[in-house]
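Close look at the chain arrangement
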Amino acid sequence: MKTCLVVDDSSVVRKIARRILEDMDFQITEAEDGEQALASCKEAMPDAVLLDWNMPVMDGYEFLGNLRRLPGGDAPKVVFCTTENSMDHISRALHAGANEYIMKPFDKDIVTAKFQEVGLVALNEQSSV
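Rules used in this analysis
Throughout, a residue's number is its position along its own chain's written sequence, starting from 1. Only residues with pLDDT of 70 or above have their local features reported here, since the model is predicted, and side-chain atom pairs are shown and tallied only from 80 upward, although totals for entire chains, interfaces and linings are computed over all residues. Calculation of side-chain values draws on the structure's entire complement of heavy atoms; hydrogens and water are dropped beforehand. UniProt positions are given in the numbering used here, feature names are shortened, and annotations may be inferred rather than shown by experiment. Helical segments are the DSSP runs of H or I of at least four residues, strand segments are the runs of E of at least two, and each set is numbered from the N terminus. Throughout this description, buried means an accessible area under 20% of the type-specific maximum (1.4 Å probe, protein chains only), exposed means over 50%, and partly exposed covers the range between. We call two strands paired when DSSP finds no fewer than two bridges between them. A crossover gets the label right-handed when its path from the first strand over the helix to the second runs clockwise, viewed with the strands pointing away from the viewer. Here an angle of 0 to 180 degrees is reported between the N-to-C directions of two axes, which are lines fitted to C-alpha atoms, with helices fitted over the stretch in contact. Two residues qualify as a contact provided that any one of their heavy atoms is within 4.5 Å of a heavy atom in the partner residue. For every residue, the pLDDT score states the predictor's confidence, bounded by 0 at the bottom and 100 at the top.

1. Focus: the UniProt feature "modified residue: 4-aspartylphosphate" (unreviewed entry) in the chain
Listed under "modified residue: 4-aspartylphosphate" (unreviewed entry) in the UniProt record, and renumbered for this structure, are Asp52. Relative to the assigned elements, Asp52 resides in the loop between β3 (48-51) and α3 (60-69). On the accessibility criterion, Asp52 (4% relative accessible area) is buried.

Laid out in structure tokens, this is it:
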């Protein structure tokens, strides 16, 4: 089973993402800021990270830079999931090592499509919920 770390300071967003990703057969770990997420990655590197930009303690951009410098930190597929929609933010995220970008609010179809684009979910793996 593939693993996904959901990083967002909103418990509601984490809950929604968890439901969507569990329906896609991912095992979910949660973190409410980048510092917790980094600690989680040091314990067990996930296959995927769904990452918010604006969080307390350590934001998503800083977390991503730290993740990519960890041993094995180049492996997880990172999908930013944020309200930041300027081209500057998107290009900074992709340049820092993000694989894709999702705008909030999101739904199951958007998450499924982006996870398919980065190779985390095959077309025939999506559930029929």
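Right, picking up where we left off after that structure.
2. Looking at the pairing of strand β2 (residues 26-31)
Alignment of strand β1 (residues 2-7) against β2, held across six bridges, turns out to be parallel. Looking at the pairing, Leu5 lines up with Thr29 of β2. For the segment spanning β1, helix α1 (residues 11-23) and β2, crossover handedness is right-handed.

3. Quick notes on the sheet that holds strand β4 (residues 77-82)
Spatial ordering of the open sheet is given by β2-β1-β3-β4-β5, a layout of five strands whose pairing is parallel. Edge positions in the open sheet fall to β2 and β5 (100-103), since each of these has one partner strand only. Geometrically, the sheet is characterised by an average inter-axis angle of 20° between neighbouring strands, direction not taken into account. This element, α1, spans β1, β2 and β3 of the sheet and lies at about 165° to β2.

4. What about the confidence of the model for the chain?
For the chain, the average pLDDT comes to 91, and 95% of its residues sit at 70 or higher. Per-element confidence in the chain is highest for β2, whose mean pLDDT is 98, and lowest for helix α4 (residues 87-96), whose mean pLDDT is 88. Counting contacts from residues 125-129, a segment whose pLDDT is below 50, to residues more than four positions away or on other chains yields eight contacts.

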